[in-house]
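Residues per chain, in single letters:
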Amino acid sequence: MKKVTDRLYFTLWIFFCILCSPALSSDKSKEDQSYQIESNHSDDEQFDVYTYLEWDEEAVQPDFSGYYARIKKLSDGRLALVYERALRTKVRFSSDLGKTWFDEIDVSGKDGYSYANPEIIELENGWLVYGANGRPTNQTSTNLLPYTISVNISIDRGVTWSNDILVYTCGTTFSTGCWEPSFLQLPNGELQIYFADESEYLNSNEQQISMLSSPNHGLTWLNKKAISYSQGSRDGMPVPLLLNNSQEIVVAIEDNGINGQFKPTTVRTSLENNWNQGPVLKGDPLRELAVSSNLLPYETYAGAPYIVQLSGGETLLSIQSNIGRKTTNRNIQVYIGDEEARNFTRPSTPFPSLGDDEELLWNGLGVLDDSTVISIASPGLRTSVGHVKRVRLEWQKGGCQEHFEPGYFIKQLYSQTIESCAKACEDEGCSMFQIGREDDVSGRQGWCNLYAKQCTNNYDPTWDTYTPLEL
């Protein structure tokens, strides 16, 4: 009985194969056959959104000087600009988005110290909290002062400021100091301050990222937590971000233990865990290179990261680097990432006209609205406004003659030059239909986007393509 059943199944299978063969199931000749490329999208989702940055042609240079600046838009519409100058940290406000600035206000400073690395945050209760790094200036054997992290608080929208509130005391030498404070407030009101910390490493050049928290809007601070450490390396310049989903904390740092010279890197924790897992170590999956080594090679310096997120979900990461420059002088680059602060690509510079004999450092980013950001850098203080362009790439079905693989879709290629982008396209057996953009970074760094591909033989105009449309 089993042999009869097997023979019956085999006969039915042969009949089915003959019935479904191209010669019997279609009236089209073989010459008319072509592979049809189907969309990856469902019928109710026929587009992707492609995002890039366009910067104003002319950067703005205020009529005052400063260094290591940070800029924030406040809930009342004003801009707050913090910077260091003449051994003190300062703040100015603007009510016209940076076109003009009110008079400078001294915030932190006392005898025996220079104050540096300013940062500011507006809390949910309306207070402004200003952070700074105190550095002793006149150390003697009988008067050794410690490096410090301190804050000042304004409860009247920046008109007056409290005296220094000491957050943390580090060592008394440059090699055991602490640096670069930055802030994050959690949904439960907890205020966190992050900083680069050498005080734990008396006999090495290592550095970790530390964090303290305040339960009362910065008036008092609780015990320190180490949040990242890479043995033999120097984690530095932290900037924290609570992602829009409010479920994950991401901190952008510079890391010289992950891919050669300093590179922008992220370390992260869930909001629920809140760094209770201990420091994120070298090799931990919670430590990720932020920008691909294809864009920032091993030998390239790319430090001083700053990270923000737009209401639409895009994350923006700025760095200082000499990539694409004719000299070792550095300029600012900004990369676009996804809603998880990953996959940073599409570099652009807010200051494309910077001369080869000039240099800009210590970049900061401020979000002005859901599609506009402002970049600031020093020395001298320069600002540039960037406009986030979201292009809807609509799917149009099409095909290509035989030899074109089914399911072979649009490609986006990023590279140092348009020429290498074209070569990459050629290597994949296609020719370029359109170069999407060549975003020029200092005249040489470019990227291109392949909107469409066609077969190298038997060209057929019914290819697949995307149509760029402004959202």
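The preceding data block contains the structure.
Q: I'm lost on empty space enclosed by the protein in this one. Help?
A: If you roll a probe as big as a water molecule over the atoms, it shows you where there is empty space left. If you walk through the whole model with that rule in mind, you get two cavities of 30 Å³ or more. Estimates place the volume of the largest cavity at around 50 Å³. Residue lining of the largest cavity: Tyr68, Arg70, Glu119, Glu180, Pro181, Ser182, Met237, Pro238, Val239, Pro305 and Tyr306, and that is the complete set. If you list the elements that add at least two residues to the lining of the largest cavity, you get β3 (67–73), β11 (178–185), β15 (236–242) and β20 (302–309).

Q: Sorry if this is basic, but what is going on with the sheet that holds strand β22 (residues 331–337) here?
A: Strand pairing within a sheet occurs via backbone hydrogen bonds; the two strands may be parallel or antiparallel. Read across the open sheet, the four strands follow the order β20-β21-β22-β23; overall the sheet is antiparallel. Edge positions in the sheet fall to β20 and β23 (345–348), since each has one partner strand and no second. Along the sheet, successive strands turn relative to each other by an average axial angle of 25 degrees, direction set aside. The pairing of β22 with β23 spans two bridges and is classified as antiparallel. For valine 334, the partnering residue across the bridge sits in β23 and is serine 348.

Q: So what exactly am I meant to see when it comes to the state of the cysteines here?
A: Think of a disulfide as a covalent bridge from one cysteine sulfur atom to another cysteine sulfur atom. For the structure shown, the criterion picks out one disulfide. What pairs with cysteine 170 in a disulfide is cysteine 178, and their sulfur atoms sit 2.1 Å apart. With the S-S dihedral at roughly 115 degrees, the linkage between cysteine 170 and cysteine 178 falls on the right-handed side. For cysteine 178, a relative accessible area of 0% gives the class buried.

Q: Can you help me understand the layout of surface pockets in this one?
A: By volume, the largest pocket is sized at about 860 Å³. Along its surface, the largest pocket is lined by 32 residues, and Lys72, Ile121, Leu184, Leu241 and Val308 are the ones closest to its centre. Elements that contribute at least two residues to the lining of the largest pocket include exactly β3, β7 (113–122), β11, β15, β20 and β24 (361–369). By residue class, the composition of the lining of the largest pocket is 18 nonpolar, seven polar and seven charged.

Q: Any chance you could explain the packing of aromatic side chains here in plain terms?
A: Given two aromatic rings, one states the distance between the centres and the angle between the planes to describe the pair. Throughout the structure, instances matching the rule amount to 10 aromatic pairs. Ring pairing ties together the aromatic residues Phe64, Tyr83 and Trp101, which thus form one cluster. Over the ring of phenylalanine 93 we find arginine 78, and its NZ or CZ is 4.4 Å from the ring centre.

Q: Can you walk me through the pattern of salt bridges in this structure?
A: A side chain with one charge may pair with a side chain of the opposite charge, provided their charged atoms come close. This model, assessed by the stated rule, comprises 20 salt bridges. Across the pair glutamate 248 and arginine 268 runs a salt bridge, and its minimum N-O distance is 3.3 Å. Within this pair, whereas glutamate 248 is found in strand β16 (residues 248–255), its partner arginine 268 is found in strand β17 (residues 263–270), the two being separated by 20 residues in sequence. No difference in accessibility class separates glutamate 248 from arginine 268, as the two residues are buried. Its salt-bridge partner being aspartate 255, residue arginine 287 comes within 2.9 Å of it at the nearest N-O pair. On the criterion of sequence distance, the pair formed by arginine 287 in strand β19 (residues 287–289) and aspartate 255 in strand β16 is long-range, its members being 32 residues apart. One network of salt bridges, in which partners are shared, links Arg85, Lys90, Arg92, Glu104 and Asp106.

Criteria and thresholds
Residues numbered from 1 in each chain as written. Predicted model: local features only at pLDDT ≥ 70, side-chain atom pairs only at ≥ 80, totals over all residues. Heavy atoms only, no water. 1 Å grid on protein atoms, 1.4 Å probe; cavity = no way out; pocket = protein on both sides within 12 Å on 5 of 7 lines; lining within 4 Å. Points joined across faces, edges and corners; volume = space filled by probe spheres on them. Helix = DSSP H or I, 4+ residues; strand = E, 2+ residues; numbered from the N terminus. Pairing = 2+ DSSP bridges. Axes fitted to C-alpha atoms, helices over the stretch in contact; angles between N-to-C directions. Disulfide = S-S within 2.5 Å. Buried < 20%, exposed > 50% of the residue type's maximum accessible area, 1.4 Å probe, protein only. Nonpolar A, V, L, I, M, F, W, Y, C, P; charged D, E, K, R; others polar. Phe/Tyr/Trp six-rings, centres within 6.5 Å; stacked < 30°, edge-to-face > 60°. Lys NZ or Arg CZ within 6 Å of the ring centre and 35° of its normal. Salt bridge = Lys/Arg side-chain N within 4 Å of Asp/Glu carboxyl O.

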